[in-house]
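Chains, contacts and geometry: an overview
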Amino acid sequence: MGGGGGGGAARVGLSRLMSVAFVLLALSGFGVHAGRSRIHKKVHGGGGGGGRHRGGGRGGTVVWSPAVPPADERTQPVTPPPGIVPSDPAVPAQPEQCVFDVRAFGAVGDGTTDDTEAFRAAWKAACAVEAAVLSVPSDGTFTITTTTFAGPCNPGLVFQVDGVLMPPDGPDCWPPSDSRRQWLVFSNLDGLTLRGTGTIEGNGEEWWNLPCKPHKGPNGSTLRGPCDSPTLIRFFMSRNLRVEGLRVENSPEFHFRFDGCSDVRVDGLSIRSPETSPNTDGIHVENTERVAIYNSKISNGDDCISIGTGSYDVDIQNVTCGPGHGISIGSLGVHNSTACVANVTVRNAVIRNSDNGVRIKTWQGGMGAVTGISFDTVVMENVRNCIIIDQYYCLDKRCMNQSTAVRVADVSYANIRGSYDVRSAPIHFACSDTVPCTNITMSEVELLPFSGELVDDPFCWSAYGLQQTPTIPPIYCLQDGLPDALLDNPDLRCR
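Residues numbered from 1 in each chain as written. Predicted model: local features only at pLDDT ≥ 70, side-chain atom pairs only at ≥ 80, totals over all residues. Heavy atoms only, no water.

1. A closer look at the sheet that holds strand β31 (residues 427-430)
Rule in force here: Two strands qualify as a pair provided that DSSP identifies no fewer than 2 bridges between them. Under the scheme used here, helices are H or I runs from DSSP no shorter than 4 residues and strands are E runs no shorter than 2 residues, and both carry numbers assigned from the N terminus. Working convention: axes come from line fits to C-alpha atoms, limited for helices to the stretch in contact. Angles between N-to-C directions cover 0 to 180 degrees.
Taking strand neighbours across the sheet as the criterion, the 11 strands line up as β7-β10-β15-β18-β21-β23-β25-β27-β29-β31-β33 in an open arrangement whose pairing is parallel. One side of each edge strand has no neighbouring strand; the edge strands of this open sheet are β7 (147-150) and β33 (459-461). When strand polarity is set aside, the average angle formed by the axes of neighbouring strands in this sheet is 15°. Pairing geometry for strand β15 (residues 231-236) and strand β18 (residues 256-259), over 4 bridges, is parallel. Counted as the bridge partner of I233 is F256 from β18.

2. A look at the environment of V445
Rules: In what follows, residue pairs with any heavy atoms lying within 4.5 Å of each other are defined as contacts.
Residue placement: V445 occurs in strand β32 (residues 437-449). Not counting residues within four places of it along the chain, the set of residues in contact with V445 comprises I387, Y413, I416, I427, P470, T471 and I472.

3. What about the confidence of the model for the protein?
Rules: Note: pLDDT gives the predictor's confidence per residue, expressed from 0 to 100.
Confidence in the prediction of the protein, expressed as mean pLDDT, is 83, and 76% of residues score 70 or more. Across residues 1-91, confidence stays below pLDDT 50; counting only partners more than four residues off in sequence or on other chains, it has 62 contacts.

4. So, the UniProt feature "active site" (unreviewed entry) in the protein
Selection rule: UniProt positions are given in the numbering used here, feature names are shortened, and annotations may be inferred rather than shown by experiment.
Under the present numbering, the feature "active site" (unreviewed entry) in UniProt falls on H325. Considering the arrangement of structural elements, one finds H325 in the loop between β24 (311-321) and β25 (327-332).

5. Digging into the state of the cysteines
Each disulfide is one covalent bond, formed between the sulfur atoms of two cysteines. Heads up, the rule is: Throughout, a disulfide means two cysteine sulfur atoms within 2.5 Å of one another. Think of it in three bands: with a 1.4 Å probe and only protein chains considered, a residue is buried below 20% of the maximum accessible area for its type, exposed above 50%, and partly exposed in between.
A complete count under the given rule lists 6 disulfides for this structure. The disulfide that involves C394 links it to C399, with 1.9 Å between the sulfurs. Because the sign of the S-S torsion sets the handedness, a value of about 85° for the bond joining C394 and C399 places this disulfide among the right-handed ones. We classify C399 as partly exposed; its relative accessible area is 33%. Sulfur-sulfur distance for the disulfide between C431 and C437 comes to 2.0 Å.

6. Some points on the packing of aromatic side chains
Aromatic ring pairs are described here by two measures, namely the spacing of the ring centres and the angle between the planes. For the record, the criterion: Side-chain rings of Phe, Tyr and Trp, where Trp is taken by its six-membered ring, are said to pair if the distance between their centres is within 6.5 Å; with planes under 30 degrees apart they count as stacked, over 60 as edge-to-face, and otherwise as tilted.
Tallied over the full model, the rule gives 14 aromatic pairs. Centroid distance F159 to F186: 5.6 Å. Interplanar angle 90°. Geometry classified as edge-to-face. Remark: F186 occurs in strand β10 (residues 182-187) and F159 occurs in strand β8 (residues 158-161); sequence separation between them is 27 residues. Residue classification places F186 among the buried positions, given a relative accessible area of 1%. On the numbers, 4.9 Å between centres and 5° between planes, the contact of F235 with F258 is stacked. Of the two residues, F235 sits in strand β15 while F258 sits in strand β18, which places them 23 residues apart along the sequence. Grouping residues by exposure puts F235 and F258 together as buried.

7. Some remarks on the nonpolar core
Most often, soluble globular proteins keep nonpolar side chains buried together rather than apart. What counts is decided by this rule: Here the nonpolar core consists of buried residues drawn from Ala, Val, Leu, Ile, Met, Phe, Trp, Tyr and Cys, with membership extended through side-chain atoms lying within 4.5 Å.
Within the largest apolar cluster, 98 residues are counted, with the highest numbers of intra-cluster contacts made by F159, Y413 and F429. The element contributing the most residues to this core is helix α2 (residues 116-127), with 7 residues. Contact partners of Y413, with chain neighbours within four places excluded, come to V358, F375, I387, I389, F429, I440, T441, M442, S443 and V445.

8. Topic: the side chain of T231
Mapped onto the fold, T231 is located in strand β15. With a relative accessible area of 4%, T231 lands in the buried category. If we ignore the near neighbours within four places in the chain, the residues touching T231 are R181, Q182, W183, E253, F254 and R257.

Here it is, written out as structure tokens:
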């Protein structure tokens, strides 16, 4: 009995000794934590107070470096965004954005100072950095002269306009050495985004009044207008472009022009100039393919959207036009040139108080073809020429009759409804004697006078097609079939 008690005391002493040793080991940092993996949270640069701001030596560069997290966060696991597995090697790392504020390069933004050199310096710095933002801040009005922002640049470049950006005020203030054909040019770029909540102001009024070219005046009069006036914003030989959210107004001539570009998306623009301003097309597309123009409002003194030669796969949706000259394909074939346009769709559009609705216009003497055109679900409100094809387009009465023309074929009008100005027939197909229009289809077209009596005599000349449903007014003048003269004519072919 006594021997058993001594053995128990020995076991208790050993147990106490082991407990003391365990506590000592724990306090020394071993044992308890030895088997726990520690995942430290990385604080990314876009956060609020977690990163350290380091002002770069290149003006507006903003670089964020990770800071050491608090002690209570050091062992917290990172929660990945839904659907992303942290160990998945296919998840790309997202580059941090570097912001180049034009004020950091010397821009003043008081509306009178010439900030051109500051913008050029900011562009040069931003172009050299991946995922850069050239920032035009919201609290400034910046004036710059004619500038070409050229690439190639690093991927992900954003030109962010949140303030007001404008050219010199009229031709008298235009530097003599600057081009009078364009103001801002974006050239040789891949992946540029032009966006913002600000305004690009064109200061076009003095240009409109130059005594060179006829334009509409008050009370139906004709005034002389501009000859050599700058396009406000031109994109040239670029691809993967996005233009979003801006307000652009009072351009001396075209507001936007896309030349030789591909894969363009325009979304959420507001474009505005007076209806008496000449040649102020809202968006002009030429020699450009795969274009999307969405969710925009355009009012001006010329075409809302104009599609020039070499344009393919153009999709226009949810656009409101007017006042102005409507949505036009052309003019094409001027000076006996070859013009090709194919696969243009206009859908869910509204055209108000305009000289034209949806129009195709070509000059006599041209060659080539306009094919695969669809106008679907378009509302007209007080439009003078709602539906028009004009193969005799001419700016004055001195054009001579010619035997060749740009072919117009495969044009569909569906769900076109609304009201027209009774001064003109709402439907007008004036096609060439030698190159008639073919395969025109009409479905669910209902056009009524905005005021006055119904004009029920649509005009057709050398127009072939089909009225698929009853229309208002009735289209009895379309001819059946396909004229023999169009078969195997090499001048009417495009790619």
